[in-house]
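Architecture at a glance
The primary structure of each chain is shown beneath.
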Amino acid sequence: MGSETRSDRFSYALLTTPALLIYGLVIVVPVVYSLVLSFTDWAGVGIPNFIGFTNYVVMFSDPIFWWGLRNNGLVVLVSLIGQIPLGFFLAYVIHRRLVRHSGFFEAVIFFPALLSPVVVALLFGVVFAPTGLVSQIIGRAIGDPMFSLTVFNSKNTAILPYLIVLVWMYTGIYFIIFLANLQKTSPEMLEAAVLDGANEWNILKSLILPQQIPVFLTSAIYAVAGSLKSFEILWIMTNGGPSYYSNVLGLYMIQNTFSFYKYGFGSAISVVLILLSVFLILILSAIAARFTRRYEQGAH
Amino acid sequence: MNYALSQLARKASSLLFATAISLGATALARADVTLTAIFPYTKVDPDYARLQETYERFHAANPDITIKFDYLDHDAYHNKMQALAISGNLPDILTLWPGKRTGYLTGRGYAKDLRELIQRDGVDKMLRPVFTQAQAATGEVYEIGVPYVNFTNVVYVNRKLLDQIGLQYPKTLDGFMGQAKTIRAAGYRPAVFGDQSSWVLQSCLLSVMVGRLGTPEWFANALTGAEGAGFKDEPFVGALQKIKQMVDAGLIDPSEPSTTREQALSAFVSGRSVYFIGGIWEVVNLTSALPAEMKDFVEIRSLPAIEGAALAGSDSSSGQPATGFGMSSKLDDEKTEAAWKWIKFNLDPSNKDIAVKYGLLPIYTEDVGIADMLTDPLAKKSYAFSSSIAHVLPVLDDRLDAEGVMQVVNAGLQELVLGSVTPEDLAAKYEAWVAANDSNRKAK
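Every value quoted in this text rests on a predicted model; they were computed, and no experiment measured them.

Before going further, it helps to spend a moment on the overall build of chain A. Scanning chain A from terminus to terminus reveals 13 helices and zero strands. For chain A, the succession of helices and strands along the chain, N to C, is α-α-α-α-α-α-α-α-α-α-α-α-α. Taken against the 2.2 N^0.38 rule, which gives 19 Å for 300 residues, the C-alpha radius of gyration of chain A at 24 Å runs more than 25% over that of a compact globule. The principal-axis extent of the C-alpha atoms belonging to chain A is close to 80 × 70 × 30 Å. Looking at chain A as a whole, 42% of its 300 residues are labelled buried. Total accessible area on chain A stands at roughly 16,300 Å², and carbon and sulfur atoms take up 71% of it. In chain A, 15 side chains carry a positive charge and 12 a negative one; their mean positions are 6 Å apart.

A separate point is helix α5 (residues 117–128) of chain A. Because an α-helix completes one turn every 3.6 residues, residues spaced three or four positions apart along the sequence face the same direction. Between its terminal C-alpha atoms α5 of chain A stretches 16 Å, which fits the 16 Å expected from twelve residues at 1.5 Å a residue. Listed in full, the buried residues belonging to α5 of chain A are V120, A121, F124, G125, V127 and F128 of chain A. The arc that holds the buried residues of α5 of chain A, viewed along the axis, is 160°, so those residues lie on one side. Packing partners of the buried residues in α5 of chain A comprise α6 (133–142), α7 (160–182) and α11 (232–237) of chain A together with α12 (261–269) of chain B.

All names here are of chain B. The strand order across the open sheet formed by three strands is β4-β9-β11, and the pairing between neighbours is mixed. Lying at the two open borders of the sheet, with one neighbouring strand each, are β4 (149–151) and β11 (391–393). Averaged over all adjacent pairs, the angle separating strand axes in this sheet is 55°, with direction ignored.

Residue and element names in this part refer to chain B. Compared with the 21 Å implied by 1.5 Å per residue over 15 residues, the 21 Å span of helix α15 (residues 333–347) between its first and last C-alpha is a close match. Three or more residues of α15 are buried, namely T336, A338, A339, W340, W342, I343, F345, N346 and L347. The backbone nitrogen of E334 lies 3.2 Å from a side-chain oxygen of the residue at the head of α15, namely D332.

What follows deals with the packing of aromatic side chains. Tallied over the entire structure, the rule returns 49 aromatic pairs over all chains. With a centroid separation of 6.4 Å and an interplanar angle of 45°, the aromatic rings of Y77 of chain B and W97 of chain B are classed as tilted. Of the two residues, Y77 of chain B sits in helix α3 (residues 74–87) while W97 of chain B sits in the loop between β3 (93–96) and α4 (103–106), which places them 20 residues apart along the sequence. Across the pair, exposure class does not vary: Y77 of chain B and W97 of chain B are buried alike. Taken together, F39, Y41, Y48, Y55, F58, F69, Y71, F325, W342 and F345 of chain B form an aromatic cluster joined through their ring pairs. When the ring centre of W67 of chain A is taken as reference, the NZ or CZ atom of K155 of chain A above it lies at 4.8 Å. Lying over the aromatic face of F265 of chain A, K262 of chain A brings its terminal NZ or CZ to 4.3 Å of the ring centre.

All names here are of chain B. Its domain assignment divides chain B into domain 1 (32–144 + 323–359) and domain 2 (151–319 + 391–442). Counting residues at the interface gives seven residues for domain 1, matched by seven residues for domain 2. With both chains or domains summed, domain 1 and domain 2 bury close to 590 Å², and 48% of this area falls on carbon and sulfur atoms. Interface area lost by domain 1 to domain 2 is led by K100, V130 and A137, which between them contribute 66%. For the pair domain 1 and domain 2, the number of links is one salt bridge. Residue K100 is joined to D401 by a salt bridge in which the shortest nitrogen-to-oxygen separation is 3.3 Å. The interface formed by domain 1 and domain 2 contains five residue pairs in polar contact (both at pLDDT 80 or more). When the residues that make up the side of domain 1 that touches domain 2 are grouped by side-chain class, the tally is four nonpolar, two polar and one charged.

Residue and element names in this part refer to chain B. Grouped together as the largest cluster of nonpolar side chains are 64 residues, with contacts concentrated most on I67, I144, W340, W342 and I343. Among the elements that take part in this core, α15 stands out by supplying seven residues, more than any other. When residues of this core are assigned to domains, at least three map to each of domain 1 (32–144 + 323–359) and domain 2 (151–319 + 391–442). Other than its neighbours up to four places away in sequence, W342 contacts L51, T54, Y55, F58, I67, I93 and F325. In this structure, V157, I165, A191 and L311 belong to the second largest nonpolar core, which totals 61 residues.

This part takes up the confidence of the model for chain B. All names here are of chain B. In the predicted model, chain B carries a mean pLDDT of 90, and the fraction of residues at 70 or more is 93%. Between the elements of chain B, mean pLDDT differs from a low of 59, seen in helix α1 (residues 2–30), to a high of 98, seen in helix α11 (residues 234–249). Interface predicted TM-score (ipTM) for the complex: 0.82; the corresponding pTM is 0.83.

Conventions used here
Residues numbered from 1 in each chain as written. Chains lettered and ligands numbered in written order. Predicted model: local features only at pLDDT ≥ 70, side-chain atom pairs only at ≥ 80, totals over all residues. Heavy atoms only, no water. Helix = DSSP H or I, 4+ residues; strand = E, 2+ residues; numbered from the N terminus. Rg over C-alpha atoms; globule rule 2.2 N^0.38 Å. Buried < 20%, exposed > 50% of the residue type's maximum accessible area, 1.4 Å probe, protein only. Areas by Shrake-Rupley, 256 points an atom, 1.4 Å probe, with all protein chains shown as cover. Lys, Arg positive; Asp, Glu negative; His and termini not counted. Charge placed at Lys NZ, Arg CZ, Asp CG, Glu CD. Expected span 1.5 Å × (residues − 1). Arc of directions from axis to C-beta. Contact = heavy atoms within 4.5 Å. Pairing = 2+ DSSP bridges. Axes fitted to C-alpha atoms, helices over the stretch in contact; angles between N-to-C directions. Polar contact = N/O pair within 3.5 Å; in protein donor to acceptor, adjacent residues only side chain to side chain. Phe/Tyr/Trp six-rings, centres within 6.5 Å; stacked < 30°, edge-to-face > 60°. Lys NZ or Arg CZ within 6 Å of the ring centre and 35° of its normal. Domains from an automatic or database assignment. Buried area = accessible area lost by both parts, 1.4 Å probe. Salt bridge = Lys/Arg side-chain N within 4 Å of Asp/Glu carboxyl O. Nonpolar A, V, L, I, M, F, W, Y, C, P; charged D, E, K, R; others polar. Core = buried A, V, L, I, M, F, W, Y, C linked by side-chain atoms within 4.5 Å. pLDDT = per-residue confidence, 0-100.

Here you go:
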């Protein structure tokens, strides 16, 4: 028994060591390196000086950081309460055959996720430009050829076009994830529920939703991590502007690191992003665990 | 006699042998100076072809100097140069920007100061002062290349539309603003520039206004804070006020901060806008985008005169010398001379045909006959514009630290256009940033 355990342990170690080494080199080392750099004034060249928490103090007193954080919060919110529920709803409708031509809708819903972010950003940059497609349609409708869209002129609304693009582009990803998981639901069970007199709402609430809690959690973790680090579409669409009205932390990090040669400061922003990501994922895990417990208690 | 002759022959052959060895050694010492160089573009870039042609001619004239080239795309170039600088492996020839873009090399002692060589060979005499002006707070000159100025303030005029509306190109800025209502009433956009990337308004409009209102001398003082000068002074505040007036007059539309350069250029090319404000580099885009007949009625002008400005005329534009060549500060004398030969070769008017062939229009203190080589109407107008500019004024983001310009000025200008900051507040905010952070003030 003892020798078997040792053999098992040796096998586990043999199998996991390469993966752990690669993970350590690719993920852990850069994260630790970023953490160390965040306490320096390294400019990309020369020898970094240790400056303690200065980067963090400067960052937390910078209004651009807080505005980026606010916009990141909106992006996370749109992902969590926009993309995921919508993705689930569409998957449910298709899975339950509540509409005809489901194959066509599957393709249409998933198609945006296949496009390059650069293409999407350029496309929507034109659509939402002050003299772009939306402006021209409105201008023609109201008979004013000089009409131009003012959504970017306000601090509160400048991020809106980006949020719309995010919902349009990434809902398809969650749609596919939910569709794949819904297809695991036993048809016999659903048939039995219908025979027992369950209506569509009962099926959704009591059968489908509880089974999808782990999928919701996985999707939410994916959404949070993706939302906090994404910036490329925004960069091309608005360049974070006008002023910093639509900036996000990822862009703030890129600007400071590569445009201003503040590698230490950029590292401090990345550390905050990692901590924020871990914090949100822990909260989501706790919420999901609570839902799962409640469901299991209810089931017994 | 025979003995004497053979002795003479022996002596002569010894002398010849010694001379041959000496010449051979000298030749060996001179031969094959090999320099390394990295350029910030790839092989598909037109600059690559220009460089190859220049090098072929250079190597034919200087067969003892070989340059080994390496090419990297713009951003990759800067990343690699930083890594090479840290590791002590910089190439011998550096491609440098005259301003802050390669400050990580020029500001840290990696690039050689060329002033001694420039004065030794009298290179400064054939060039306009802008090419040999100080590139650091303490006067160093690190790069010099094709004598071409990137003028950042150029007003492209659709004269056909102006004629149609019944207007002339204005003589003064007030006149310029006064045209906005008439142009809008005719159903056209007055002036477009597309400031979504946020540097345009600063580089293509604010810089020339600050330079004219304050003169380059005031700007030099404001940079270092000498004689109490700073960005809360009238020239800077006044320029911001003028921009606000241009917005209020309707000449600048509040949508400009959300408009891309491409969209603005498209509005001009398609005849929806009367004026397009940009840099001289737009000539290349316009040459390919404009229909042939439109090239004749597109004019290239500088900003109309600002009444009451220190430089009251309109013969000034903001600009900076083009990217050029410098050399590593670690080069020995032999390599320094070889690299300097390469730099001078690029400057030499006898090689102007290569520059012109690839769209660069060098300017010297004296006319070297470039206008006669041009056939394209826009190229002719572009060269006439470049030659007519008497005062090349500083570009803010070329001289000041990028962080302050981008985060305070560029972002602040967009807010100014949208009406959420006043000129005075923006100027005060920028002066506070410069005083606390800008390297020009620290180097004082």
